[in-house]
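Chain residues, written in single-letter form:
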Amino acid sequence: MFRSIVAGVLIGTVSAVSYSASLEEVVTQGLSLNPSVKQAINYRNSVYQEVRQAKGGYLPTVDVSAGYGYEWTNNTTTGANGLDDVELKRGEGALSIRQMLFDGFATESEVNRQKARALSADKRLIETAESYALDATRAYIELNRRNVLFQQAKETLFNHVKIYDRIKRRSESGLGALASIQQAEGRLALAEVNVLAAENNLLDAKANFQRVVGVAAPEEIIYPEAANITIPETVVEATEMAMSNHPTLQVAEADTMAAVAQYNAAKRNYYPRVDFEVDRTWNNDLDGVDGMNEDLTAMIRMSYNLYNGGADQAKVRQTQHQIEEAKAVQSNAHREVMQSVELSWNAFSILSRQVPYLEQHVASSQETRNSYLKQFNIGQRSLLDLLDTENEVFSSKNDLTNALHDQLVAKYRVVNGMGTLLDSFNLSLPEPNLGDVEPKDQLADAK
């Protein structure tokens, strides 16, 4: 009942409408403007390029070198020919091809590590976008709340003005006491203060909205009914969904995979390295010998470090500790996600049970106010009774408004805790930029 009243009061009392926006429109628009989301996208794209770099270790390297210039030579070869000094114009040309055959699984481990980091970056982007979507939702709902509370404060002020005018007319006709006017003036002043306080809170909500979303707050709010939000029937189901979907857990799992791959890469120096090398040279007037000097070699070469001052063993032990660190972070993330879901579920459940009682409180206080007004008109109730019931109505409406908006926030928090908030808004994120899309266009392409 009161939900429609809240929406109707808000939309019907807006005087200077610049533009209107639904919650879905706000979240979608802000996603393309949010600096944290842009940062996560560019970080993800940079990590995907590191995967490409790591895969380059499987491929051969080809180097070309050339040179031409002056050479002066005096060595045993030129002396044996009866020459002390030889001056030539030296020319060099070389082509080298290197293909790794075995590097102690270093390249394979590095590729696996970078793939795990790319997976982590993917999930961190989703985590960042989910966090933004929840922040934007909260800002939108808070703006809605403060708008409604402001209108209710103005409505209460209007009612106090009517009471004050009635008491003043009675006093002027000789039927009212001075104390009654003073009471009415005091409550009227308090109602004025409540309007100013509500207006200040509304301005704060607008400023926060602009900070979170990146655009000015809309003057017209479409009350979010959350009809597309599905909440599981039990907290156990919500927790199970969070364990399988929440991006924070997936980030922690991917980071652990990266730590394991880094440990495997650290053991590369325990193995020999084997490369296939092809070298071709074209030299002219080299080392005092007039004429061409060409070489072609095709070799399989092995190198094996026998002692490195204990650095290799220390590196392996370091990465072992990093694995345990990543596992501890993963365990902590598991606890935090479970706590977040349970707290959100508890808030939603309790608020859902409170709302019917608060609605009854509003209805009862309004009926009492109306009855007291009739009794006041025939002298059966005092002015203080009438003013108290007016404040009771104002307080009960505020309590219900806060509970309804808190319930709405809790509902979205449950969905966010399950890691499905973006899905509820039908939002998609851009695919990794592998070099064929300009970064600034990615979010636009994802819509």
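If you're wondering where the values come from, they're calculated on a predicted model, not measured in any experiment.

Draft legend 1. Examining the overall build of the chain more closely. Helix and strand counts for the chain stand at 12 helices and six strands. Counting all 447 residues of the chain, 41% fall into the buried class. Nonlocal contacts in the chain, meaning residues at least 24 apart in sequence, comprise 83% of its contacts between residues at least 6 apart. Counting every atom, the chain has about 24200 Å² of accessible surface; 52% of that belongs to carbon and sulfur.

Draft legend 2. Layout of the environment of Asn284. With respect to the helices and strands, Asn284 occurs in strand S5 (residues 273-286). Each C-alpha atom of the pair Asn284 and Glu294 lies 8.3 Å from the other, and the pair is 10 residues apart in sequence. Among residues more than four places away in sequence, those in contact with Asn284 are Lys89, Arg90, Gly91, Gly291 and Met292.

Draft legend 3. Region of interest: unusual backbone geometry. Unusually for a residue other than glycine, Phe105 sits at a positive phi of about 65°. Among the residues examined, Phe105 registers a relative accessible area of 39% and is labelled partly exposed.

Draft legend 4. Structural view of the packing of aromatic side chains. What the rule picks out here adds up to four aromatic pairs. Relative to Tyr271, the ring of Phe102 has its centre 6.0 Å away and its plane inclined at 90°; by these criteria the two rings are edge-to-face. With Phe102 in strand S3 (residues 86-102) and Tyr271 in the loop between helix H8 (247-266) and S5, the pair connects residues that are 169 residues apart, well separated along the chain. Its relative accessible area of 35% is what places Tyr271 among the partly exposed residues. Aromatic side chains Tyr412 and Phe425 sit 6.0 Å apart centroid to centroid with 5° between the ring planes, which places their arrangement in the stacked category. Here the residue Tyr412 occupies a position in helix H10 (residues 383-417), and Phe425 occupies one in the loop between helix H11 (421-424) and helix H12 (442-446), the gap between them amounting to 13 residues. The same class applies to Tyr412 and to Phe425, which are both buried.

Draft legend 5. Just helix H9 (residues 311-377), in detail. Between the first and last C-alpha of H9 there are 94 Å, a value that for 67 residues agrees with the 99 Å anticipated at 1.5 Å per step. The largest bend in H9 is about 30°, located at Val355, with the proline Pro356 one to four residues further on.

Draft legend 6. The sheet that holds S3, seen in detail. One open sheet holds the four strands; their spatial order is S2-S3-S5-S6, and the pairing between them is antiparallel. Only two strands of the sheet have a single partner each, and these edge strands are strand S2 (61-73) and strand S6 (289-303). Each strand axis lies, on average, 15° off the axis of its neighbour in the sheet, ignoring direction. Where S3 meets S5, nine bridges bridge the pair, whose relative direction is antiparallel. Note on S5: the bridge partner recorded for Ser96 is Asp279.

Draft legend 7. Fine view of the nonpolar core. With 76 residues, the main nonpolar core has Val27, Phe209, Val213, Tyr412 and Phe425 as its most contacted residues. Among the elements that make up this core, the one with the highest residue count is helix H5 (residues 106-172) (16 residues). The residues contacting Val27, other than those within four sequence positions of it, are Tyr132, Ala133, Ala136, Thr137, Phe425 and Leu427. Among the nonpolar cores identified, the runner-up in size contains six residues, and Tyr263, Ala266, Val316 and Ala326 belong to it.

Draft legend 8. Fine view of the packing of H8 against H9. At a minimum axis separation of 9 Å, H8 and H9 run at an interaxial angle of 170°. Accordingly, the angle class assigned to the pair H8 and H9 is roughly antiparallel. Packed against H8, whose contacting residues are Thr248, Leu249, Ala252, Glu253, Asp255, Thr256, Ala259, Val260, Gln262, Tyr263 and Ala266, the element H9 presents Lys315, Val316, Thr319, Gln320, Gln322, Ile323, Ala326, Lys327, Gln330, Ala333, His334 and Val337 at the interface.

Draft legend 9. Spatial organisation of the confidence of the model for the chain. Put simply, the chain has an average pLDDT of 86, and 88% of its residues get 70 or more. When pLDDT is averaged over each element of the chain, H8 comes out on top at 96 and helix H1 (residues 2-12) at the bottom at 39. Segment residues 1-18 is flagged for pLDDT under 50; beyond a separation of four residues in sequence, or across chains, it makes 30 contacts in the model. Note on residues 436-447: pLDDT is under 50 here. Beyond four places in sequence and across chains, it has 22 contacts.

Draft legend 10. Main features of the pairing of S3. Summarising the sheet, S2 and S3 pair through 13 bridges and their orientation is antiparallel. Across the sheet, residue Ser65 finds its bridge partner in S3, namely Ala94.

Draft legend 11. Focus on the packing of helix H7 (residues 235-245) against H9. Between H7 and H9, whose axes approach to 10 Å, the crossing angle comes to 145°. Here H7 runs over H9; the crossing is right-handed. Counted together, Val235, Ala238, Thr239, Ala242 and Met243 of H7 and His334, Val337, Met338, Val341, Glu342 and Trp345 of H9 form the full contact between these two elements. Counted by class, the contact of H7 with H9 contains eight nonpolar, two polar and one charged residues.

Draft legend 12. Representation of the pattern of salt bridges within the structure. Applying the stated criterion across every chain yields a total of 19 salt bridges. Between Arg90 and Glu71 there is a salt bridge, and its shortest N-O distance comes to 2.7 Å. Separated by 19 residues along the polypeptide, Arg90 in strand S3 and Glu71 in strand S2 bring together distant segments of the chain. Since its relative accessible area comes to 23%, Arg90 is described here as partly exposed. A salt bridge links Glu127 to Arg124, with the nearest nitrogen and oxygen atoms 3.8 Å apart. On the criterion of helical spacing, the pair formed by Glu127 and Arg124 is a turn pair, its members being three residues apart in helix H5. Here the salt bridges do not stand alone but share partners, grouping Arg98, Glu277, Asp279 and Arg301 into one network.

Draft legend 13. Region of interest: the environment of Ala252. The residue Ala252 is located in helix H8 in this model. A relative accessible area of 5% means that Ala252 is categorised as buried. Ala252 sits 76 residues away from Ala328 along the chain, and the two C-alpha atoms are 9.3 Å apart. Contact partners of Ala252, with chain neighbours within four places excluded, come to Gln330 and Ala333.

Conventions we followed
What you see as residue numbers is a count from 1 along each chain, following the sequence as written. Since the coordinates come from a predicted model, pLDDT governs what is reported: local features require at least 70, and pairs of side-chain atoms require 80 or more to be given and counted, while whole-chain, interface and lining totals use all residues. Remark: hydrogens and water are excluded; side-chain values derive from all non-hydrogen atoms of the structure. Each helix is a run of DSSP H or I of at least 4 residues and each strand a run of E of at least 2, with the numbering of both proceeding from the N terminus. To sort residues, take the accessible area from a 1.4 Å probe on protein chains only and compare it with the maximum for the residue type: under 20% means buried, over 50% means exposed, and anything in between is partly exposed. Any pair of residues with heavy atoms lying within 4.5 Å of one another is described as a contacting pair. Surface exposure here means Shrake-Rupley accessible area, sampled with a 1.4 Å probe, where a residue is shielded only by the protein chains that are shown. Working definition: a ring pair exists when centres of Phe, Tyr or Trp rings (six-membered ring for Trp) sit within 6.5 Å. Plane angles under 30 degrees give stacked, over 60 give edge-to-face, the rest tilted. Expected helix span is given by 1.5 Å per residue-to-residue step, counting one fewer step than there are residues. The angle between axes fitted to the seven residues ending at a residue and the seven residues starting there is what we call the bend at that residue. Strand pairing is assigned whenever DSSP detects at least two bridges linking the two strands. Every angle, taken between N-to-C directions, lies between 0 and 180 degrees, and every axis is a line fitted to C-alpha atoms, over only the stretch in contact when it is a helix. Put simply, buried Ala, Val, Leu, Ile, Met, Phe, Trp, Tyr and Cys residues joined by side-chain atoms within 4.5 Å make one nonpolar core. Roughly parallel means an angle under 35 degrees; roughly antiparallel, over 145; roughly perpendicular, 65 to 115; everything else is oblique. Per-residue confidence from the prediction method is given by pLDDT, with values spanning 0 to 100. Two helices that cross are described as forming a left-handed crossing if the nearer one is turned anticlockwise from the farther one by less than a right angle, and a right-handed crossing if clockwise. Note that Gly is not counted as nonpolar here; it falls among the polar residues with everything else outside the nonpolar set of Ala, Val, Leu, Ile, Met, Phe, Trp, Tyr, Cys and Pro and the charged set of Asp, Glu, Lys and Arg. Each salt bridge in this description consists of a side-chain nitrogen of Lys or Arg and a carboxyl oxygen of Asp or Glu lying within 4 Å of one another.

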